[in-house]
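Per-entry structural report
Now for the letters of each chain:
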Amino acid sequence: ECKVVAPTQSTDQRLKNIAEITAHKDKDGNETVIDRDSQPNNVNKDNYGTTSQEDDDDFEDLIMFGKYFDLALRKFITGVNEKEITNRAPVFTKTSDGKYEYVHPKDPVDVANGNTVIYTLRIFNEGNVAGYAEEVKDNLPEGLEFLPENTINTAFKWKMYKEDGTETTDVKEAKFIKTNYLSKANETVEGNNILKAFDPETMTMPDYKDIKIAFKVTEPNTSDRVIINTAEITEDADEDGKEVEDVDSTPDNNNPDEDDQDIEKIKVKYFDLALKKWVTESIVTYNGKTTITKTGHTGDENPEPPAKVEIRSDRINQTTVKFKFSIKVTNEGEIEGYAKEIIDYIPQGLKFVQEDNPKWRLTDDGKVLTDQLKDVLIKPGESQTVEIILTWINGKNNMGLKTNWAEIYEDYNEHNSPDIDSTPGNNKKGEDDIDEAPVILTTATGNAPTYATLALASISMIAGGIVLIKKYVI
């Protein structure tokens, strides 16, 4: 094991390392024994050529480069919308065999349609010659759209090009983009863009410069495709701005095995919150006695049967009837998020009592809302439940079927991705962020309930409508 100590020169050096048998003995320890085709310790090092002189000697050559130029590029995502991403930056390492490597994750970053993704391109100088990354190129894959007016893109002087290499100002025509932001010609202060030579003895990592790009995600939320974006150094120069040959890569040749090119990946995810509502119990109070009847419903009934309460006709004005409803929000998507507000659409015949619902509020314009889940993160596959109690408005003419609806009024996720199949707060029946729960109040004479034929017919018709709506929602 040897250490290279030869001084750096302007030209390459060949370092020939020779090994030779210098003494031998036979099995009895006799040193005078003669090797049939070679003589020990007779190598002429000054006249050693490209083959062994005898078969008891051999050699290995090392080529020590003189001054060499070597730029490397790494690409990584540093932001999605307003969220900063800090765990994908490359970490410089030196392997046991002396090679340089950059360790950073390359699994796809989760994004959503419409997101703005910020990529950073980091150019390192691994060589012992200072120089410039004169031009850098980035491709435009399907699913990403370049944003020519974005402040990041204008600051880093990106320009769009058609497939044939001619410049364009039309985003739809653009197939790749280029920038000379780090070139010598673009320096505002002399030497400001130069990448310093790397000295492993005095530096812990190569010198580097960063440039950034902003793209808009146009891939549909329903896509399961991984979008790969590639960047490459297309022109380089030495510290004088002259052409120079990179020792291990050729600019603009689209060779993924060379270190002047790198990729980054994104995967589009979708956001989907769904809501279910059902009656959990009826609460009837008469003459100071309260009777609570649980429905046993879970919200999965299709359709949900109405919760029934019978009231004797002579007790209507003295009876208090309340219904407790459960409202469950489930994350059926791939992006975690929040149900910031839930609205309850109270039907005629029922009323909201603030004392029964301390976690709900009645707004000035008559909306009944709760934000009790605003800070509760709902991960994919998880659910959260809230409750509301509504009170029957006493009256002999206020009987029959009453359907109470609830809906997600406002949602949020860090990707600002809209719900894939519903719009919060639009009160649109059939979307999965809104659901209803029916109750029925009937009158009874004495202990025997008497129902009007017309009332039954009406209830049957409305219940049929419930079945249709439930089927449409499912």
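Now for a look at the structure at hand. (Residues numbered from 1 in each chain as written. Predicted model: local features only at pLDDT ≥ 70, side-chain atom pairs only at ≥ 80, totals over all residues. Heavy atoms only, no water.)

Some details on the nonpolar core
In this structure, I123, W158 and I266 are the most contacted members of the largest nonpolar core, which totals 34 residues. Those elements giving two or more residues to this core turn out to be β3 (71-80), β7 (109-111), β8 (116-125), β9 (131-139), β10 (144-146), β14 (207-217), β15 (226-238) and β16 (261-268). (Core = buried A, V, L, I, M, F, W, Y, C linked by side-chain atoms within 4.5 Å. Buried < 20%, exposed > 50% of the residue type's maximum accessible area, 1.4 Å probe, protein only. Helix = DSSP H or I, 4+ residues; strand = E, 2+ residues; numbered from the N terminus.)

Observations regarding the pairing of β9
Among the 9 residues that make up β9, 7 are buried, leaving the element largely enclosed by the rest of the structure. As paired elements, β9 and β15 share 6 bridges and run antiparallel to each other. Following the sheet pairing, K137 is matched in β15 by E232. Bridge count between β9 and strand β13 (residues 176-179): 4 bridges; the pairing is antiparallel. In the strand pairing of β13, K137 is matched with K178. (Pairing = 2+ DSSP bridges.)

Some words on the layout of surface pockets
In this approach the atoms are scanned with a rolling probe the size of a water molecule, which exposes any empty space left behind. Roughly 1,400 Å³ of volume is contained in the largest pocket. Along the wall of the largest pocket there are 41 residues; nearest its centre are Y68, K94, G98, Y100 and P200. Put simply, the parts of the chain that give the lining of the largest pocket at least two residues each are β2 (57-64), β3, β6 (100-103) and β16. For the lining of the largest pocket, the per-class residue count stands at 17 nonpolar, 8 polar and 16 charged. (1 Å grid on protein atoms, 1.4 Å probe; cavity = no way out; pocket = protein on both sides within 12 Å on 5 of 7 lines; lining within 4 Å. Points joined across faces, edges and corners; volume = space filled by probe spheres on them. Nonpolar A, V, L, I, M, F, W, Y, C, P; charged D, E, K, R; others polar.)

Thoughts on the sheet that holds strand β11 (residues 159-161)
The strand order across the open sheet built from 7 strands is β7-β16-β15-β9-β13-β11-β12, with neighbouring strands paired in mixed fashion. Of all strands in the sheet, those bounded by a partner on one side alone are β7 and β12 (167-168). Inspection of the sheet shows β15 paired to β16 by 7 bridges, in the antiparallel sense. Each residue of the ladder has a partner; that of E232, found in β16, is Q261.

Describing the sheet that holds strand β22 (residues 350-352)
On the basis of which strands lie adjacent, the open sheet formed by 5 strands has the order β18-β17-β20-β25-β22 and antiparallel pairing. Of all the strands in the sheet, just β18 (289-294) and β22 have a single pairing partner and so form its edges. Going from strand to strand, the sheet's axes swing by 35 degrees on average, the running direction of each strand aside. Where β22 and strand β25 (residues 383-392) come together, 3 bridges link them in antiparallel fashion. Bridge pairing in β25 places F352 opposite L390. (Axes fitted to C-alpha atoms, helices over the stretch in contact; angles between N-to-C directions.)

Observations concerning the packing of aromatic side chains
The final tally for this structure, using the stated rule, is 12 aromatic pairs. Their ring planes at 75 degrees and their centres at 5.6 Å tell us that Y48 and F59 sit as a pair that is edge-to-face. Of the two residues, Y48 is situated in the loop between β1 (13-20) and β2 and F59 in strand β2; the sequence distance between them amounts to 11 residues. As far as the burial class goes, Y48 and F59 line up, both buried. Centroid distance Y100 to F198: 5.5 Å. Interplanar angle 75 degrees. Geometry classified as edge-to-face. With Y100 in strand β6 and F198 in the loop between β13 and β14, this pair connects stretches of sequence that are 98 residues apart. You can call Y100 partly exposed: its relative accessible area is 24%. Among the residues examined, F198 registers a relative accessible area of 7% and is labelled buried. Grouping aromatic residues by their ring pairs yields a cluster made of F92, Y100, Y102, F124, F198 and Y208. Between K340 and the ring centre of Y338, over which it is positioned, the NZ or CZ distance is 5.5 Å. Sitting over the ring of W405, K429 keeps its end group 4.7 Å from the ring centre. (Phe/Tyr/Trp six-rings, centres within 6.5 Å; stacked < 30°, edge-to-face > 60°. Lys NZ or Arg CZ within 6 Å of the ring centre and 35° of its normal.)

Remarks on the pairing of strand β17 (residues 273-286)
Buried residues dominate β17, accounting for 10 of its 14 residues. Across 13 bridges, the pairing between β17 and strand β20 (residues 319-331) is antiparallel. Following the sheet pairing, E281 is matched in β20 by K324. Note that β17 and β18 share 6 bridges and pair antiparallel. The partner of S282 across the bridge, within β18, is T293. Adjacent in sequence and paired antiparallel, β17 and β18 are bridged by 2 residues, among which N287 carries a positive phi angle near 55 degrees.

Things to note about the pattern of salt bridges
Throughout the structure, instances matching the rule amount to 23 salt bridges. The partner of K25 in a salt bridge is E31, with the nearest N and O atoms 3.8 Å apart. Classification of E31 as exposed rests on a relative accessible area of 56%. K367 serves as the salt-bridge partner of D365, at 2.8 Å between the closest nitrogen and oxygen. Taking the relative accessible area as the measure of exposure, D365 reaches 53% and is therefore exposed. For K367, a relative accessible area of 27% translates into the label partly exposed. Through salt bridges with shared partners, a single network forms among R14, K16 and D61. (Salt bridge = Lys/Arg side-chain N within 4 Å of Asp/Glu carboxyl O.)

Quick notes on the side chain of T280
Looking at the secondary structure, you find T280 in strand β17. The residues contacting T280, other than those within four sequence positions of it, are T293, K294, T295, G296, K324, F325 and S326. (Contact = heavy atoms within 4.5 Å.)

Read these as geometric descriptors, not functional statements.
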